[in-house]
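Breakdown of the fold
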Amino acid sequence: MGERGVSGPVAAISPVQQMLASGTGALITSLFVTPLDVVKIRLQAQQTPVVFSSSDHLMCLLTGKCFLYCNGLMDHIYVCQNRTSCTSWYKKPTQFSGTLDAFVKITRHEGLRSLWSGLPPTLVMAVPATVIYFTCYDQLRDFLTFGVGLQGSHVPLVAGGLARLGAVTVISPLELVRTKMQSRQLSYSELRTCIRSAVAQNGLLSLWRGWGPTVLRDVPFSALYWFNYEMVKARLCEQSEVPQANFSISFTAGAVSGAIAAILTLPFDVVKTRRQIELGEMDTLGVSVKRTSSTWHIMKEIRAELGYRGLFAGFMPRVIKVAPACAVMISSYEFGKAFFQKMNLDREQLAL
């Protein structure tokens with residue numbers, strides 16, 4: 001379907017081209033943000049004693065350590081089953097005095113590639129999820145605008161929420177499979193047996209375990225993000241007197257809207273962090289829990305332990321991570337779409 005600029009419609013791009021643009025954006029974002037999170041987790045690891053922190057996404061388990069790694073696109077759990085060994089990306093901690101010192105020492109002692117050591121699992125999950133998410137958003141927005149005839153700021157709000165809901169529902173079983181493979185290092189045949197056993201014991205819906213907290217965080221975030229992004233982008237285009245957003249406008253609008261959405265949905269992010277780490281611990285220990293805490297119950301626990309401030313823990317770390325990740329992703333995506341729009345327009349002119 002077509003896109004629409006400030007002054008009217010522009011050249012249409014196909015869903016396949018939208019998928020290529022979003023996939024490229026996910027790749028670029030992962031390459032840009034992954035080193036920042038690798039450094040952050042390495043800095044966390046040298047803290048003693050290691051304690052659970054909602055802001056730093058870190059928890060010390062009775063059997064070892066469980067790290068929740070998030071590079072702005074996807075969350076990943078890495079479990080260390082003892083103090084001396086861990087997954088391949090997590091090396092023996094070196095003492096760092098700060099972020100810049102960590103960059104220098106990791107590069108010098110472990111090589112430049114170590115800064116991207118969390119990249120493979122990110123690409124396996126983030127690229128398909130991002131392709132589904134962004135393509136669905138554009139298709140839904142255009143359908144609601146041009147197909148149904150809806151107008152107004154609520155269109156990106158609805159389209160963003162529905163697109164994220166669909167993406168989370170499709171990806172959740174794959175994410176559960178990936179988490180099991182990482183925590184237990186299962187072969188594909190063992191994994192197949194494990195999944196069949198889980199489905200036989202707990203039903204097919206067990207493949208969507210953790211879906212609820214993910215939806216409660218990601219769907220409101222997505223709705224708020226696209227609502228603010230489209231609004232800020234339109235305002236910036238009007239101020240700059242350009243018919244269509246350029247790279248700098250998309251980047252700025254993405255950063256602003258990402259920061260706003262990150263702040264407003266922070267309590268759900270704190271809950272999802274704790275829930276993911278609990279699930280990672282259960283998988284590692286092989287514990288089967290019949291009843292898991294609801295999102296609202298976890299919120300009450302956090303409020304009782306830490307007060308209302310606990311629900312907004314990690315304000316700055318989340319904004320610092322999410323804002324640039326959103327800016328890089330959306331500006332890369334818009335740039336990719338603009339490239340395909342120009343290519344299609346040139347083809348149409350040559351055909352005349």
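Residues numbered from 1 in each chain as written. Predicted model: local features only at pLDDT ≥ 70, side-chain atom pairs only at ≥ 80, totals over all residues. Heavy atoms only, no water.

The name recorded for the protein chain in an unreviewed UniProt entry is Mitochondrial glutathione transporter SLC25A39, from Astatotilapia calliptera. Under the UniProt heading Sequence similarities (unreviewed entry), the entry covering the protein chain gives this text: "Belongs to the mitochondrial carrier (TC 2.A.29) family." Heading Catalytic activity (unreviewed entry) of the UniProt record for the protein chain holds this comment: "glutathione(in) = glutathione(out)". (UniProt positions renumbered as here; feature names shortened; annotations may be inferred.)

What about a nonpolar patch on the surface?
On the surface, Leu157, Val158, Leu162, Leu165 and Trp211 cluster together to form a nonpolar patch covering roughly 370 Å² of accessible area. Summarising the element assignment, leucine 157 is placed in helix H4 (residues 154-184). (Patch = residues over 30% accessible without salt bridge, like charges linked within 9 Å, V, L, I, M, F, W, Y side chains within 5 Å. Areas by Shrake-Rupley, 256 points an atom, 1.4 Å probe, with all protein chains shown as cover. Salt bridge = Lys/Arg side-chain N within 4 Å of Asp/Glu carboxyl O. Helix = DSSP H or I, 4+ residues; strand = E, 2+ residues; numbered from the N terminus.)

What to know about the nonpolar core
Formed by 25 residues in total, the largest nonpolar core has its most connected members in Phe134, Phe221, Tyr225, Trp226 and Ile330. Going through the elements one at a time, helix H1 (15-45), helix H3 (119-147), H4, helix H6 (211-240), helix H7 (247-264) and helix H11 (315-351) are the ones with two or more residues in this core. Among all residues touching tyrosine 225, those that are not within four sequence positions of it are Gly254, Ser257, Gly258, Ala261, Cys326 and Ile330. By size, the runner-up hydrophobic cluster in this structure holds 8 residues, among which are Leu266, Val271, Ile298 and Ile302. (Core = buried A, V, L, I, M, F, W, Y, C linked by side-chain atoms within 4.5 Å. Buried < 20%, exposed > 50% of the residue type's maximum accessible area, 1.4 Å probe, protein only. Contact = heavy atoms within 4.5 Å.)

Describing the pattern of salt bridges
Opposite charge on two side chains permits pairing when their charged atoms draw close. As enumerated under the stated definition, the model contains 10 salt bridges in all. Put simply, arginine 141 and aspartate 138 hold a salt bridge, and the shortest N to O gap is 3.3 Å. Highlighted residues: arginine 141 and aspartate 138, both in helix H3, separated by 3 residues, approximately one helical turn. For arginine 141, a relative accessible area of 11% gives the class buried. Since its relative accessible area comes to 0%, aspartate 138 is described here as buried. Salt-bridge contacts for aspartate 218 lead to arginine 164; the nearest nitrogen and oxygen are separated by 3.4 Å. Linking aspartate 218 in helix H6 with arginine 164 in helix H4, this pair joins segments that are 54 residues apart in sequence. Arginine 164 carries the same exposure label as aspartate 218, and that label is buried. Connected via shared salt-bridge partners are Asp138, Arg141, Asp142, Glu230, Lys233, Glu334 and Lys337.

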